[in-house]
Amino acid sequence: MVATRVMLDESEIPTQWYNVAADMPNPPAPPLGPDGKPVSPEQMLAIFPGPLLEQEMSAARWIDIPEPVREVYRLWRPTPLCRALRLEKALGTPAKIFYKYEGVSPAGSHKPNTSVPQAYFNKISGINRLSTETGAGQWGSALAFAGQMFGLEVRVYMVKVSYHQKPYRRSMMQTWGAEVYASPTDMTQAGRNVLAQHPDSPGSLGIAISEAVEEAASRKDTNYALGSVLNHVLLHQTVIGLEAKKQFAKIGEYPDMVFAPCGGGSNFAGIAFPFFADKAAGKNVRLVAVEPTSCPTLTRGVYAYDFGDASGYTPLMLMYTLGHDFMPPSIHAGGLRYHGDSPLVSQLCKEGLVEALAVPQLATFEAGVQFARTEGIIPAPESSHAIRACIDEALRCKQTGEPKTLLFNLSGHGHFDMASYDRYLAGQLEDYEYPREAIEASLAKLPKVA
Ligand SMILES: *Cc1c(COP(=O)(O)O)cnc(C)c1O
């Protein structure tokens, strides 16, 4: 009998996170301040706790996971590695398709893998409050849950249009005790500036980041927490790939290709980086980040220093970017609408060590529905990007007869995204290719770095 779910024991939850910086051919490029010089740790200490900053800059290969964090991980980890036998059969492919299912976490996605350690390290550093932003609500709910685990207050600036469109994500955060405000608010200078000019502003992730950072910088008891992009966030997510490697070892398999959806890069890094360690040691494994054609950061952006937010409050990071004032169209995978990408993922992509590809919206939903109808789980629209790419590869295998082993990260379930499935099923969704002129206009405003 072929195993369909490969399980690990609770005792097999990783005890250390894997830091990819240790195996990169070139050290990660440092973030720069407004003066063009690397940002000092002191500047960052205003909004981040010491232990997370250490992780951010660490070159050590392994970093210990504190026991209280593993205790909370035990609520849903280890997550299952599943074989998509019914999908394989429907496709008629000789490929073996595996997926790692991160939707079993309380928040329904991979994001608690980092919100939990972030809350923990803030708590032991004497911080009592966290401020953050959220777009579609996935990160806000993951942090609200984590705050509750360690007794921290959490305030979430939620992009106004999502606040009204996704009321149940808001209730979820409130159930876990977080305060949620529709951004822009009149509680911060950044918010008031926007409202003075555009009283009806629907908000954006960039504006909400500016509000959350301003609050954290102006209150001693409050720090800021970010759900993707930064090195320490990617580090925490490596529990996904570390578990997957143990699970493959149990059944004597190893993937030829690993796929994950890519917004800021955290779940891609989480599943792919532990396999990169083997690749760096000579193993042949392809790592593929999958993004939407409507927000094609890795495939059509430029590799340059840019701000992480719309207002230019954050340090400059060397990454693939579409320009910090890029306004992505409102596609139905809110988690993939960021203008930039993780500097670590960007650097590995630039060096040709990881691959990127972009897939259009309709084909993505088609793949998500096919997955739901064969494997049962309704995927988050973000995750469906990886499913699309994986199915396309499985269909190529059908043509060539190659029995490849494919793995993708099912980063979350889609139970809060049924409005977008509704629109797909009603034939109201469209493909959208971001116009070259719009990308060029946004790139023309990149900050100049000496
Ligand atoms: C947030 C999110 C993503 C995209 O973020 P990354 O940092 O690129 O992982 C993908 N899938 C789900 C389910 C998400 O919630």
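Residues numbered from 1 in each chain as written. Predicted model: local features only at pLDDT ≥ 70, side-chain atom pairs only at ≥ 80, totals over all residues. Heavy atoms only, no water.

With that settled, the discussion passes to the side chain of Ser 58. Within the secondary structure layout, Ser 58 lies in the loop between α2 (50-57) and β3 (62-64). Looking at Ser 58, its side chain comes within polar contact range of the main-chain nitrogen of Ala 60, at 3.0 Å. (Helix = DSSP H or I, 4+ residues; strand = E, 2+ residues; numbered from the N terminus. Polar contact = N/O pair within 3.5 Å; in protein donor to acceptor, adjacent residues only side chain to side chain.)

Now for the side chain of Thr 374. Tracing the backbone through its elements, the reader meets Thr 374 in helix α16 (residues 361-375). Once residues within four sequence positions are removed from consideration, Thr 374 is found in contact with Arg 86, Leu 87 and Ala 90. (Contact = heavy atoms within 4.5 Å.)

For the rest of this paragraph, the subject is empty space enclosed by the protein. Scanning the entire structure with this criterion turns up three cavities of 30 Å³ or more. Of the volumes computed, that of the largest cavity is approximately 70 Å³. Forming the walls of the largest cavity are Pro 292, Thr 293, Ser 294, Ile 331, Ala 333, Val 359, Pro 360, Gln 361, Thr 364, Phe 365, His 385 and Tyr 432. Empty space within the second largest cavity amounts to approximately 50 Å³. In terms of lining residues, the second largest cavity is bounded by Tyr 18, Asn 19, Val 20, Gln 55, Asn 231, Leu 234, Leu 235, Thr 238, Phe 273 and Leu 344. The greatest single-element share of the lining of the second largest cavity, amounting to three residues, is contributed by helix α11 (residues 231-237). Residues from two domains meet in the lining of the second largest cavity; each of domain 1 (18-66 + 111-231) and domain 2 (76-108 + 238-443) gives at least three. (1 Å grid on protein atoms, 1.4 Å probe; cavity = no way out; pocket = protein on both sides within 12 Å on 5 of 7 lines; lining within 4 Å. Points joined across faces, edges and corners; volume = space filled by probe spheres on them. Domains from an automatic or database assignment.)

The strand order across the open sheet formed by seven strands is β1-β4-β5-β15-β10-β11-β14, and the pairing between neighbours is mixed. With one partner strand each, in any of the chains shown, β1 (5-6) and β14 (355-359) form the two edges of the open sheet. Of the pairings in the sheet, the one linking β1 to strand β4 (residues 81-83) comprises two bridges and is antiparallel in character. By the bridge assignment, Val 6 is partnered in β4 with Leu 81. Of the strands in this sheet, β1, β4, β5 (96-101) and β15 (405-410) touch helix α12 (residues 239-251), which is tilted by about 140° from β5. (Pairing = 2+ DSSP bridges. Axes fitted to C-alpha atoms, helices over the stretch in contact; angles between N-to-C directions.)

By volume, the second largest pocket is sized at about 170 Å³. Looking at side-chain class alone, the lining of the second largest pocket contains four nonpolar, four polar and three charged residues. (Nonpolar A, V, L, I, M, F, W, Y, C, P; charged D, E, K, R; others polar.)

Strands sit in the order β8-β7-β6-β9 across an open sheet of four strands; the sheet is parallel. Whereas interior strands pair on both sides, the edge strands pair on one side only; in this sheet they are β8 (179-183) and β9 (222-224). Taken pair by pair, the neighbouring strands of this sheet meet at an average axis angle of 25°, ignoring direction. Of the strand pairs in this sheet, strand β6 (residues 129-134) and strand β7 (residues 153-159) are connected by six bridges, and their pairing is parallel. Each bridged residue has a counterpart across the sheet, and for Glu 133 the counterpart in β7 is Tyr 157. Lying on the sheet, helix α8 (residues 167-175) is in contact with β6, β7 and β8; it crosses β7 at an angle near 170°. Packed onto the sheet, helix α10 (residues 205-218) meets β6, β7, β8 and β9 and runs at close to 170° relative to β6.

The next point concerns the nonpolar core. When a protein is soluble and globular, its nonpolar side chains tend to lie buried together. Grouped together as the largest cluster of nonpolar side chains are 53 residues, with contacts concentrated most on Val 20, Tyr 224, Phe 268, Phe 273, Leu 287 and Leu 407. Once residues within four sequence positions are removed from consideration, Val 20 is found in contact with Phe 273, Phe 276, Leu 344 and Leu 348. Leu 130, Ala 142, Phe 150 and Met 173 belong to the second largest nonpolar core, which has 37 residues in total. (Core = buried A, V, L, I, M, F, W, Y, C linked by side-chain atoms within 4.5 Å. Buried < 20%, exposed > 50% of the residue type's maximum accessible area, 1.4 Å probe, protein only.)

A common way to state how big an interface is: give the accessible area lost once the parts meet. In terms of domains, the chain is made up of domain 1 (18-66 + 111-231) and domain 2 (76-108 + 238-443). A straight line from the C-alpha centre of domain 1 to that of domain 2 covers 22 Å. The partner domain 2 presents 43 residues to the 42 residues of domain 1 that form the contact. Interface of domain 1 and domain 2: buried area, both sides summed, is about 3,300 Å²; carbon and sulfur atoms make up 67% of it. Counting across the interface, domain 1 meets domain 2 through one salt bridge. On inspection of domain 1 and its partner domain 2, the count reaches twelve residue pairs in polar contact (both at pLDDT 80 or more). Listing elements by their share of the side of domain 1 that touches domain 2, those giving two or more residues are α5 (112-124), α6 (138-150), α8 and α10. Of the residues forming the side of domain 1 that touches domain 2, the biggest block, five residues, is contributed by α10. Across the side of domain 1 that touches domain 2, the residue classes break down as 27 nonpolar, eleven polar and four charged. (Buried area = accessible area lost by both parts, 1.4 Å probe. Salt bridge = Lys/Arg side-chain N within 4 Å of Asp/Glu carboxyl O.)

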